[in-house]
Amino acid sequence: MNSTPNTISFKSIYIDFKAITKAGLAVSVVFSSIAGFLLGAADFQSLNLIVLLKLAIGGYCMVGASNAYNQVIEKDLDALMDRTKNRPVPAGRMSPNVALVIASILTLVGIVLLYTINPKSAMFGAVSIFLYTSIYTPLKTMTSLSVFVGAFPGAIPFMLGWVAATGNFGIEAGTLFLIQFFWQFPHFWAIGWFLYEDYEKAGFFMLPTGKKDKGTALQIILYTVWLIIASLLPALGYTGQLFITPIAAVLVFLLGLWMLFYAVKLYKLRTSKAARTLMLVSVSYITLLQFVYIFDKFLR
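Per-chain numbering applies: the sequence of each chain, read as written, is numbered from 1 onward. The predicted origin of the model limits local features to residues at a pLDDT of at least 70 and limits the giving and counting of side-chain atom pairs to 80 or more, whereas totals for whole chains, interfaces and linings rest on all residues. Hydrogens and water molecules were not included; the side-chain quantities draw on all heavy atoms of the structure.

Helical segments are the DSSP runs of H or I of at least four residues, strand segments are the runs of E of at least two, and each set is numbered from the N terminus. Scanning the protein from N- to C-terminus turns up 12 helices and zero strands. Tracing the protein from N to C terminus, the helices and strands come up as α-α-α-α-α-α-α-α-α-α-α-α. Restricting the calculation to C-alpha atoms gives the radius of gyration, and the globule rule supplies 2.2 Å times the number of residues raised to the power 0.38. Here the protein has a C-alpha radius of gyration of 20 Å; the compact-globule value for 300 residues is 19 Å, and the two agree. Projected onto the principal axes, the alpha-carbon positions of the protein cover approximately 60 × 50 × 35 Å. Working definition: with a 1.4 Å probe on protein chains only, accessible area under 20% of the residue-type maximum means buried, over 50% means exposed, and in between means partly exposed. Of all 300 residues assigned to the protein, the portion counted as buried reaches 49%. Contact between two residues is taken to exist if any of their heavy atoms lie within 4.5 Å; hydrogens are not considered. A sequence separation of at least 24 residues applies to 73% of the contacts in the protein between residues at least 6 apart. Note that accessible areas follow from Shrake-Rupley with a 1.4 Å probe, and for residues the cover is restricted to the protein chains shown. Split by element, the accessible area of the protein, about 14100 Å² in all, is 70% carbon and sulfur. Side chains of the protein carry 22 positive and 12 negative charges; the gap between the two charge centres is 4 Å. Only four residue types enter the charge count: Lys and Arg as positive, Asp and Glu as negative, with His and the chain ends excluded. Throughout, a charge is located at the NZ atom of Lys, the CZ atom of Arg, the CG atom of Asp or the CD atom of Glu.

Quick look at the structure:
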């Protein structure tokens, strides 16, 4: 008779832990880190699976901590928005203090795991948490420049994987950072577009012009173009050990045109449906791009 309540309790704890750490987002970020790690590895035979596991767990902890801190800080604002009002803290299923303890434990575990890989990895992980929680989060209710600030911690994971594999930060890691940095803008502005009314309830400024207008749509197009250029830099031979073959470059370019098509479509239609489609395409784009980079490295 007591097993059912306990089962429900453990299940609810698991569900709330996934929600407080934004498990779906965290896993996608971890994938970016793993992609960077694979690109930084000398070859397939030299892959250190223990280090890779530390990176995956440590990366999840760092992202989960950032999200948990964010939900503690924004608990009152989350309660105003339809998409966030059922999160554990605003819904009252988890107290802010418990969420804060979870965030602190995740921070400690994440930094320690990344430090055992190398100090640079731990430093970048700590910087990402600081930028996300201490600068990006409070800026969201002040200025649309919050997206620019948030693009920095958002771009660290791809780069972090390379640093974890090599122990070095150079032109290679910088290029991976640049790719994911430019990707942040069309991705999050598309989200800001189709969730505009919900964000407005909490007073969040997520669009560059503050409106769902041609100005915002044009900037989405421009940053998509910058993204395409950045993604092709490894094909030019100026990015050190990070390079892609002409075949991979063509595939990357076609992926960029695919995303650009939907960015232009948003400019023409300026609808929430077009913005949501662009967001989904952007997620597929960055994942496929990373796969192309990885397969190109190990199959050439």
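For the rest of this paragraph, the subject is the packing of helix α10 (residues 214–232) against helix α11 (residues 246–269). In helix packing, the relevant descriptors are the interaxial angle and the interaxial distance, both defined with respect to the helix axes. Packing of α10 against α11 brings their axes to within 9 Å, and their N-to-C directions diverge by 180°. Taken together, the axis directions place α10 and α11 in an arrangement best described as roughly antiparallel. On α11, the residues that touch K214, A217, L218, I220, I221, T224, V225, L227, I228, S231 and L232 of α10 are A249, V252, F253, G256, L257, M259, L260, A263, V264, L266 and Y267. When residues are sorted by character, Ala, Val, Leu, Ile, Met, Phe, Trp, Tyr, Cys and Pro go into the nonpolar class, Asp, Glu, Lys and Arg into the charged class, and all the rest, Gly among them, into the polar class. Among the residues making up the contact of α10 with α11, the classes are represented as 18 nonpolar, three polar and one charged. Every angle, taken between N-to-C directions, lies between 0 and 180 degrees, and every axis is a line fitted to C-alpha atoms, over only the stretch in contact when it is a helix. When an angle is under 35 degrees it counts as roughly parallel; over 145 it counts as roughly antiparallel; between 65 and 115 it counts as roughly perpendicular; any other value is oblique.

Turning our attention to unusual backbone geometry. Not every positive phi belongs to a glycine, and K22 is a case in point at roughly 50°. Counting through the fold element by element, K22 comes out in the loop between α1 (3–21) and α2 (23–40). Of the residues examined, K22 reaches a relative accessible area of 21% and is grouped as partly exposed. Positive phi is not limited to glycine here, since R270 has a value of about 50°. Position of R270 relative to the elements: it lies in the loop between α11 and α12 (272–299). For R270, a relative accessible area of 34% corresponds to the partly exposed category.

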